[in-house]
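The residues making up each chain are set out below.
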Amino acid sequence: MAITYKVRGENIEVTDAIRDYVEKKVAKVEKYFPESTVATAHVNLKVYAEKTAKVEVTIPLPNLTLRAEETSPDLYGSIDLVTDKLERQIRKYKTKINRKHREAKPAGEVFLAEVVESDVAEEEPVDEIVRTKRFDLDEWTSEEAIIQMEMLGHDFYVFKDAENGNTSIIYRRKDGKNGLIEVV
């Protein structure tokens, strides 16, 4: 696999040492792909006033997009954490692919077969649906839906938007603020 790197810094100058460290760490994911794979890793480094560093890595590939972000007090620590997260994502995805196509290899194989088989035993079980819930959508404004979500103690709430009649989803973001997904 050949990865090119686009490293960008916000509130930090990307030195050669930082760039080399990012490339060395993110290059660990190369072992999971065939040599013919070409990708560009978009790495965004952010340093905040409260002495924390956030690292975001996005690697668009033909059949999937790898994306991870981590924040820690140390920039190099954040780079290590984000690399570990990318590797976990790849192993999880490979396990799903391998289980679905155990008998026949798919035509558009993304991962190296040797790595897929060697990592399957150490992976945790694939996510599965353990409960199905059916309900009628209530008609609310987005503000009312936020109140309902908070009253239920959930991280999201599905509702019918009173203003346009469409199905919408209110959700709590990692930063504690709310997001809205509108289905059109």
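Whatever comes next refers back to the structure up there.
All of the points below concern the structure found in this document. Here the structure is a predicted model, which means the values were calculated and not measured.

Cut-offs used in this document
Residues numbered from 1 in each chain as written. Predicted model: local features only at pLDDT ≥ 70, side-chain atom pairs only at ≥ 80, totals over all residues. Heavy atoms only, no water. Helix = DSSP H or I, 4+ residues; strand = E, 2+ residues; numbered from the N terminus. Buried < 20%, exposed > 50% of the residue type's maximum accessible area, 1.4 Å probe, protein only. Patch = residues over 30% accessible without salt bridge, like charges linked within 9 Å, V, L, I, M, F, W, Y side chains within 5 Å. Areas by Shrake-Rupley, 256 points an atom, 1.4 Å probe, with all protein chains shown as cover. Salt bridge = Lys/Arg side-chain N within 4 Å of Asp/Glu carboxyl O. Lys, Arg positive; Asp, Glu negative; His and termini not counted. Charge placed at Lys NZ, Arg CZ, Asp CG, Glu CD. Pairing = 2+ DSSP bridges. Right-handed = clockwise from strand over helix to strand, strands pointing away.

Some remarks on unusual backbone geometry
Backbone phi values are negative for most residues with the exception of glycine, while trans is the configuration of most peptide bonds.
Here is step 1 of the chain: Despite not being glycine, Asn11 shows a phi value in the positive range, around 65 degrees.
Here is step 2 of the chain: With respect to the helices and strands, the residue Asn11 is situated in the loop between strand S1 (2-10) and helix H1 (16-26).
Here is step 3 of the chain: Overall, the relative accessible area of 70% leaves Asn11 in the exposed class.
Here is step 4 of the chain: Residues other than glycine seldom take positive phi values, yet Lys51 does so here, at roughly 65 degrees.
Here is step 5 of the chain: Along the chain, Lys51 turns up in the loop between strand S2 (38-47) and strand S3 (53-60).
Here is step 6 of the chain: Of the residues examined, Lys51 reaches a relative accessible area of 68% and is grouped as exposed.

Details of a negative patch on the surface
Here is step 1 of the chain: A grouping of Glu143, Glu144, Glu163 and Glu182 is seen on the molecular surface, where their side chains present a negatively charged patch.
Here is step 2 of the chain: Residue Glu143 is classed as exposed on the basis of its relative accessible area, which comes to 51%.

Observations regarding the pairing of strand S6 (residues 156-161)
Here is step 1 of the chain: Relative to S6, strand S5 (residues 139-140) runs parallel, the two being bridged by two bridges. Paired with Glu139 across the two strands is Lys160, which belongs to S6.
Here is step 2 of the chain: A crossover links S5 with its parallel partner S6, the connecting element being helix H4 (residues 142-152), and its sense is right-handed.
Here is step 3 of the chain: Summarising the sheet, S6 and strand S7 (residues 167-172) pair through five bridges and their orientation is antiparallel. Among the inter-strand pairings, Phe159 is bridged to a residue of S7, identified as Ser168.
Here is step 4 of the chain: Here S6 folds back onto S7, and the loop between the two strands holds five residues, one of which, Gly165, carries a positive phi near 80 degrees.

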